[in-house]
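# Report on the structure
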Amino acid sequence: MDSSQLNRRALLGLGTRGAAATIGASALAAPLLLSHQATAKDEHQHETPTQADEHTAHGQSMTMGEVDLDRLGWHPDELLTDFDYGEVTETRPDGTVVREWNIVAFDREIEIAPGLFFPAWTYNGRVPGPTLRANEGDLLRIHFTNAGSHPHTMHFHGIHSAFHDGVTGIGRGEIAIGDQHTYEFTAKPFGLHLYHCHASPLKRHIHKGLYGTFIVNPDPKKRGDLAKKRHPDFEESKEWQEFVMVMNAFDTTFDAANEVYAINSIAFQHMKHPIVVDKTRPIRIYLVNVVEFDLINSFHLHANFFDYYDSGTTLEPTLRTVDIISQMQAQRGILEMSFAEHEAGLYMFHAHVTEFTELGWMAAFDVRDSVV
Ligand code: CU
Ligand code: CU
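Quick look at the structure, then. From a predicted model like this one, the values you see are computed outputs, not experimental measurements. (Residues numbered from 1 in each chain as written. Chains lettered and ligands numbered in written order. Predicted model: local features only at pLDDT ≥ 70, side-chain atom pairs only at ≥ 80, totals over all residues.)

Let us look at the overall build of the chain. Counting its regular elements, the chain contains 10 helices and 21 strands. Per-residue burial for the chain yields a buried fraction of 41% across its 372 residues. Considering only residue pairs separated by 6 or more positions, the chain has 69% of its internal contacts joining residues 24 or more positions apart. (Helix = DSSP H or I, 4+ residues; strand = E, 2+ residues; numbered from the N terminus. Buried ≥ 20, exposed ≤ 12 C-beta atoms within 10 Å, placed from the backbone. Contact = placed C-beta atoms within 7 Å.)

So, on to unusual backbone geometry. Residue Val-127 is joined to Pro-128 through a cis peptide bond whose omega torsion reads -5 degrees. Position of Pro-128 relative to the elements: it lies in the loop between β4 (116-123) and β5 (131-135). With an omega of -5 degrees, the peptide bond running from Ser-200 to Pro-201 counts as cis. Assignment of secondary structure puts Pro-201 in the loop between β9 (191-196) and α7 (202-207). For Ser-265, which is not glycine, the phi torsion reads 85 degrees and is therefore positive. Position of Ser-265 among the secondary structure elements: in the loop between β12 (260-263) and α9 (269-272). Using a count of 27 C-beta atoms within 10 Å as the deciding quantity, one classes Ser-265 as buried. In this model, Ala-330 sits at a positive phi of 75 degrees, which is unusual for a non-glycine residue.

Attention now moves to the nonpolar core. Within soluble globular proteins, side chains that are nonpolar tend to cluster in buried spots. The biggest cluster of nonpolar side chains holds 79 residues, and the ones touching the most others in it are Ile-112, Met-247, Val-260, Tyr-261 and Ala-267. Looking at which element gives the most residues to this core, the answer is strand β11 (residues 241-250), with 7 residues. For this core, the two domains that each supply at least three residues are domain 2 (69-227) and domain 3 (241-368). (Core = buried A, V, L, I, M, F, W, Y, C linked by C-beta atoms within 7 Å. Domains from an automatic or database assignment.)

Here we come to the sheet that holds strand β20 (residues 345-350). Paired through backbone hydrogen bonds, the strands of a sheet run either parallel or antiparallel to each other. Strands sit in the order β13-β21-β20-β15-β18 across an open sheet of 5 strands; the sheet is mixed. For this open sheet the edge positions go to β13 (275-278) and β18 (324-327), each flanked by a neighbour on one side alone. In this sheet, adjacent strand axes meet at a mean angle of 25 degrees when their direction is disregarded. The sheet contact formed by strand β15 (residues 297-301) and β20 spans 2 bridges and is antiparallel. Each residue of the ladder has a partner; that of Leu-301, found in β20, is Phe-349. (Pairing = 2+ DSSP bridges. Axes fitted to C-alpha atoms, helices over the stretch in contact; angles between N-to-C directions.)

One open sheet holds the 6 strands; their spatial order is β12-β11-β14-β19-β16-β17, and the pairing between them is mixed. Whereas interior strands pair on both sides, the edge strands pair on one side only; in this sheet they are β12 and β17 (319-322). Neighbour-to-neighbour, the strand axes of this sheet turn through a mean angle of 20 degrees, independent of strand direction. Bridging between strand β16 (residues 306-310) and β17 involves 2 bridges; their strand directions are antiparallel. Note that in β17 the partner of Tyr-308 across the bridge is Leu-319.

Glancing now at the environment of Tyr-123. Looking at the element boundaries, Tyr-123 is found in strand β4. Judged by local crowding, Tyr-123 falls into the buried class, with 25 C-beta atoms found within 10 Å. With 86 residues separating them along the chain, Tyr-123 and Gly-209 place their C-alpha atoms 8.0 Å apart. In this view, Tyr-123 contacts Ile-103, Ala-105, Gly-129, Pro-130, Leu-210 and Gly-212; residues no more than four positions away in its chain are not counted.

Along the polypeptide, Val-371 turns up in the segment after β21 (362-368). Taking the C-alpha atoms as reference, Val-371 lies 10.0 Å from Arg-281; in sequence the two are 90 residues apart. Setting aside residues no more than four positions away along its own chain, Val-371 makes contact with Val-276 and Asp-278.

Here we take up the environment of Ile-159. Structurally, Ile-159 is set in the loop between β7 (155-156) and β8 (180-186). The class of Ile-159 is exposed, set by 12 C-beta atoms lying within 10 Å. Expressed as a C-alpha distance, the spacing of Ile-159 and Thr-186, which sit 27 residues apart in the sequence, is 7.6 Å. Among all residues touching Ile-159, those that are not within four sequence positions of it are Lys-188 and Pro-189.

Interpretation note: all reported values are geometric properties and have no functional meaning in isolation.
Next up, the structure:
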């Protein structure tokens, strides 16, 4: 174990003596220790597969203990299914619904692995920020207050005016510390989008935690019957088990490389606590990639295949029957799958960039015959 490995182990809160207990047998070879900074010697050591590699490849590399959920302020299971439709403040004579949210940016330390804290910049105290969801054609007003320590913005992926684009030097531009702005635009196009701070330097403002998911449900009146299964007002949507998963990562050493990877911020959370699903009901995942510093991320499902809708802007899949998709930063898509023909059990999913997997981006569905 060289010094960079020791440093990384310390940063992950793993200690150095408890290694075997932490990450399984023969921990010296555990890929959990690998990083962008791995030396040539490290690479060589991993050329020959060992029993440890076998063990750590799927499921055995893990953190010890649990994140303090009371201190964290949100429950990871709730974050998966917490769709925030805001407050409807007006329905106009032409039928247009006006929907409003209050979002406050502030600095807050969050626990991203047991005992490992990250000094985040947050929207409403969470990373990722609230999942904002609306119906196609709604008029949206997002009242943004900057209570943070730097100028921030909310830049939405969607269709809107330059004034409300939330970018340094354009339109309303940066919102100063203590200042406010109401972003206003119509929810379009339908699909799966995101929002993030677009203050400079952009890379820093994103990786510190200022990002969230923005979903626009397709309008069945305009898009036809296929849209009904993605719109909460219609019976066809009710059987779906929907989850939001933001693939993110944390640079805990501020060296422009990530040490921890996850979906929704907490390393290995849903490997330790698999997501319970009812096998009789189909699953829809709203998947967003916001990882900085690494050019590509991926999602691989075990023992099953899924349909994929790139950006969610179509009602027919853009890819059918795949078990892996890749996303660049800010790329996103909707995954639809069914376990109806499977036996109950644990079905993993994870980044197929193995390094990310072993640094936290690993999870599983607990598929059950029925969920009461
Ligand atoms: Cu910012
Ligand atoms: Cu963007």
